[in-house]
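A look at the structure
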Amino acid sequence: MRTLVFASLFYFASFTLAAGLAFRVWLYARTPAPLKIPTTPAPLTRGGVAVRMAREVVLFESLFKSNKWIWLFGWLFHVSLAAVLFRHLRYFLQPVPALVALEQPIGVLAGFAMVAGLLALWGRRVVVPRIRYISRASDHLMLVLLIAIGGSGLAMKFVTHTDIVSLKAFFLGLMYLDWKPLPDDTILAIHLSLVAALMIIFPFSKLLHAPGVFFSPSRNQADDSRERRHAPRGLLAAGRKG
Amino acid sequence: MAEAAPKFDPKAHVVGDPIEIPALACGAMAGSKPYVASSAHQQPLGFPGELVENWQEKAVARLGELVDNSRALRVYLDSCVKCGACTDKCHYFLGTGDPKNMPVARQDLLRKVYRRYFTLSGKLVPWLVGAEDLTKEVLDDWYSYFHQCSQCRRCSVFCPYGIDTAEISMAARDIMDTIGLGQKYSNEIIGKVFNIGNNLGLPPKALKATLAGLEEEIEEDTGVPVRLPLDEPGADILFVTPSADFFASPHMEGLIGYAKVMHEAGVKWTFSTYASEAANFGMFVGSQENMQKVALRIRKAAEDLGVKRLVFGECGHAWRVAYSFLDTLAGPFDFLDRDYPVPQHVCEFTYDLMQKGKLRFDKSKNDDFRLTFHDSCNVARASRMGDKPGGQFEIPRAILRATCNHFYDMAPETIGEKTLCCGGGGGLLTDELMDVRIKGAQPRMRALRDVADEHGVTHMAAICAICKAQFSKILPQYGFDMEAIVSVHQMVSNAILLTGSRQAEEYDAQQKPAS
């Protein structure tokens, strides 16, 4: 029964995440950008834009300009999350690639760093009046959810080990449609439920900043309005004729 | 809360860190509202004369349309994570402490409505995600706080996703216009452009007289017959400038500077009565249709006069529309000479001549001016000059350094891409908004106070009609001289040595060793 519940849950969550994100990305891509609005100074070429975007996504350049504390905690969280996700590949890939095996200890450390970053961000959300003012229930709960995911994950490593061999069998089974039982473990159940919840919420929440940043016209447009004609479809053409 | 607060005394607030973060003062600026446009100011722009009956439904529908047609709006409304990076970046927040002047909170006034009507979470669990119905109270907040944004884009520099509150404010103003709740100041001005050709409503006769007067003045002063032509067919350059340049100080001193540069360049140029306005308030109200109608006037004037080049005078938001939007709105400009940038900024024009060694200056003529430079927000963050990113910062400074012996920059966090708005941009330059204009200028005034105390700076140059008009009013409030704001081309005008002019002769005589 529990295996069936979690198997269905993960199919549903994966579908919602993939379909939801795909829909959103499709929506962003098909919505016209009628005018050139890069925040200047901006790169003059598409290649330059790619570099600017990479600096934003990898280094959080604008955030660094803005506020060193938010940058530090936010960057720590995101980089750690990336390391943790990379570490988790070992539960989904057979055989485990050498790089993933090599990264395991870093991934474990990153688990702590991730939770630390999240706690610090939450602390600012509660303590700094400006940020408390702009926070809604969902902003707090999103942090709680992520901290709970990190905490339950760490608990399985450092408090009560779970049967990761069976767990991997369960996930490989999900992927290859050859279902295997999920180990009976409360913390694991909590961890997996929260992760599934996160996946389901993702395309309907502010987590859309992940695809959103790539579509942000102020960041992804080149400063070339005098060199290259920007004539998007629709909207403005009507006025020209009239 | 607001009524209990003592009256704001700018002079008591002029010393301090320009970007010092104030304590939150909830609701402090809720009472700041511009006059509502009457039917006479609404209808020429295609907007209903008064608040329509089913305004709520109409507003939500219009929001849906806008989101469907603007990737920026859709992405910005979805992406904010409430990280707080922008919260201390708006000059209106720094000056007022009203939390609804924090960029994210201003955006949320619209975002909460977007969430309520257009997102699953907002429909299902509005209380959880801060989604709200569009009520009269929310609309009141919109009218108040979306007219406390000068669309200066400072927040967008600091946002990790580049969310630009200007885009949100423009959308909100577009929605309000659509339901009949327009802003008098901007809409009346757009009407004047349609009827007369410029924001100030200066008729052709007045323009002609002004320009003739200036020609006399320049000849008297220099001995050189510098012309300021109007509607001259066969000119190579159409010069489009904010109408304030024809009207008031220190704008007009800048205009004289343009004329002297054009004369020295030896080009055939002209102003146009039909396009006697560079500014485009269609952008302020977020109406692409009206912005396009205003922009098309410039195209028509260029075609009718048969010019080959377009040059724009000192104007901030105007340069944004010209540089970034003009080709999209009114192009393609195939009939213009593509060997020159289309359009070109007068600072680029002057700088080019300087580079070619065609302009001579006597810097000592500006020795009474110890200068700093105020980067106008829309030039800084929504346009460029020259062929390198950041040319919009370097070129005006290069001109000032070439024409003036004493130049000092203000604190780095208040200039360049981080420049502070003057406090009067984006359709806020109207008397009933004086309170927010004064408070919004506080960060800039503090930065100016710093260089005045440290380097003895006496004057601040700018390249925007709104900045100049705003500072003329605001400087005295903060204890500075009203005339401490100058045009960049005013400095050019003072120092330039026109070929054959009295000034050039005197200068050359001084340079020659006595023999």
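Bear in mind the structure is a predicted one, so any value in this text is a computation, not a measurement.

Conventions we followed
Residues numbered from 1 in each chain as written. Chains lettered and ligands numbered in written order. Predicted model: local features only at pLDDT ≥ 70, side-chain atom pairs only at ≥ 80, totals over all residues. Contact = placed C-beta atoms within 7 Å. Nonpolar A, V, L, I, M, F, W, Y, C, P; charged D, E, K, R; others polar. Buried ≥ 20, exposed ≤ 12 C-beta atoms within 10 Å, placed from the backbone. Helix = DSSP H or I, 4+ residues; strand = E, 2+ residues; numbered from the N terminus. Pairing = 2+ DSSP bridges. Right-handed = clockwise from strand over helix to strand, strands pointing away. Domains from an automatic or database assignment. Axes fitted to C-alpha atoms, helices over the stretch in contact; angles between N-to-C directions. Parallel < 35°, antiparallel > 145°, perpendicular 65-115°, else oblique. pLDDT = per-residue confidence, 0-100. Left-handed = near helix turned anticlockwise from the far one by under 90°. Expected span 1.5 Å × (residues − 1). Core = buried A, V, L, I, M, F, W, Y, C linked by C-beta atoms within 7 Å.

1. Considerations on the interface of chain B and chain A
- Tallying the contact residues gives 58 residues for chain B and 56 residues for chain A.
- Across the side of chain B that touches chain A, the residue classes tally to 27 nonpolar, 17 polar and 14 charged.

2. Section: the pairing of strand β3 (residues 309-312) of chain B
All names here are of chain B.
- In β3, alternate side chains face the same way, and those of R309 and V311 on one face and L310 and F312 on the other are all buried.
- Of the pairings in the sheet, the one linking strand β1 (residues 237-240) to β3 comprises four bridges and is parallel in character. Its bridge partner being in β3, I237 is matched across the sheet by R309.
- What joins β3 to strand β4 (residues 344-345) is helix α16 (residues 316-330), and the crossover it makes is right-handed.

3. Details of the domain arrangement of chain B
All names here are of chain B.
- Taken domain by domain, chain B comprises domain 1 (10-189) and domain 2 (196-408 + 457-495).
- Each of domain 1 and domain 2 was reduced to a C-alpha centroid, and the two centroids are 31 Å apart.
- Across the boundary between the two partners, domain 1 contributes 20 residues, which contact 14 residues of domain 2.
- It is helix α10 (residues 165-178) that contributes the most residues to the side of domain 1 that touches domain 2, five residues altogether.

4. Examining the sheet that holds β4(B)
- If you trace the four strands from one edge of the open sheet to the other, you get β2-β1-β3-β4 (chain B), paired in parallel fashion. Looking at the sheet topology across the chains shown, the edges are occupied by β2 (269-270) and β4 of chain B.

5. Quick notes on the packing of helix α3 (residues 71-79) of chain B against α10(B)
Residues and elements named next belong to chain B.
- Viewed as axis vectors pointing N to C, α3 and α10 meet at an angle of 110°, and their least axial separation amounts to 10 Å. As judged from the angle between their axes, α3 and α10 are roughly perpendicular. Together, A72, L73 and Y76 of α3 and E167, I168 and A171 of α10 make up the contact between the two elements.

6. Looking at the confidence of the model for chain A
- Counting all residues, the mean pLDDT for chain A is 95, and 96% of those residues have values of 70 or more.
- Within the model, pLDDT remains below 50 along residues 238-242 of chain A, and this stretch shows two contacts once partners closer than five positions in the same chain are excluded.

7. Quick notes on the packing of helix α1 (residues 2-30) of chain A against helix α9 (residues 186-201) of chain A
Residues and elements named next belong to chain A.
- Direction vectors running N to C along α1 and α9 enclose 25°, while the axes themselves pass 8 Å from each other. Classified by the angle between their axes, α1 and α9 sit roughly parallel to one another. For the element pair α1 and α9, the recorded crossing hand is left-handed. Taken together, the residues of α9 that come into contact with α1 (itself represented by F6, L9, F10, A13, S14, T16 and L17) are L192, A196, M199 and I200.
- Residue classes in the contact of α1 with α9 are distributed as nine nonpolar, two polar and no charged.

8. Description of helix α15 (residues 288-305) of chain B
Residue and element names in this part refer to chain B.
- Here α15 spans 26 Å end to end across 18 residues, near enough to the 26 Å set by a 1.5 Å rise per residue.
- For α15, the buried fraction is high: 13 of the 18 residues fall into the buried class.
- Once α15 finishes, G306 follows within two positions and takes phi at roughly 65°, a positive value.

9. Points about the sheet that holds strand β7 (residues 485-487) of chain B
Residue and element names in this part refer to chain B.
- Pairing is parallel across the open sheet formed by three strands, whose spatial order is β5-β6-β7. Looking at the sheet topology across the chains shown, the edges are occupied by β5 (371-373) and β7. Pairs of neighbouring strands in the sheet enclose a mean axial angle of 40°, with direction left out of account.
- Along the sheet, helix α22 (residues 465-477) makes contact with β6 (459-462) and β7, crossing β7 at roughly 160°.

10. Details of the environment of A:V25
Residues and elements named next belong to chain A.
- Along the chain, V25 turns up in helix α1.
- With 16 C-beta atoms packed within 10 Å, V25 lands in the partly exposed category.
- As a C-alpha pair, V25 and V195 span 170 residues in sequence and 22 Å in three-dimensional space.

11. Considerations on α10(B)
Residues and elements named next belong to chain B.
- Compared with an ideal rise of 1.5 Å per residue, which puts 14 residues at 20 Å, α10 spans 20 Å between its outermost C-alpha atoms and is within 8% of the ideal.
- With 14 of 14 residues buried, α10 lies mostly within the body of the structure.
- Downstream of α10 by one or two residues, G180 has phi in the positive range, about 95°.

12. Things to note about unusual backbone geometry
- Here the amide bond leading from A:T40 into A:P41 is cis, since omega sits at 0°, within 30 degrees of zero.
- With respect to the helices and strands, the residue A:P41 is situated in the loop between α1 and α2 (46-59).
- B:V342 connects to B:P343 through a cis peptide bond whose omega is -5°.
- Within the secondary structure, B:P343 is located in the loop between α16 and β4.
- The phi torsion at B:K82 lies on the positive side, around 60°, for a residue other than glycine.
- Looking at where B:K82 falls in the secondary structure, it is placed in the loop between α3 and α4 (91-96).
- Judged by local crowding, B:K82 falls into the buried class, with 21 C-beta atoms found within 10 Å.

13. Observations regarding the pairing of β6(B)
Residue and element names in this part refer to chain B.
- Side chains H459 and A461 of β6 all project onto a buried face; the interleaved residues M460 and A462 project onto the opposite face, where all are buried too.
- Relative to β6, β5 runs parallel, the two being bridged by three bridges. By the bridge assignment, T372 is partnered in β6 with M460.
- When β6 meets β7, the two strands line up parallel, connected through three bridges. Bridge pairing in β7 links M460 to I485.

14. Considering the nonpolar core
Residues and elements named next belong to chain B.
- Core analysis: the largest hydrophobic core is formed by 190 residues, its most contacted members being L238, A295, F312, L400, A461 and M491.
- A total of nine residues in this core trace back to one element, the largest contributor, which is α16.
- Formed jointly, this core draws a minimum of three residues from each of two domains, domain 1 (10-189) and domain 2 (196-408 + 457-495).

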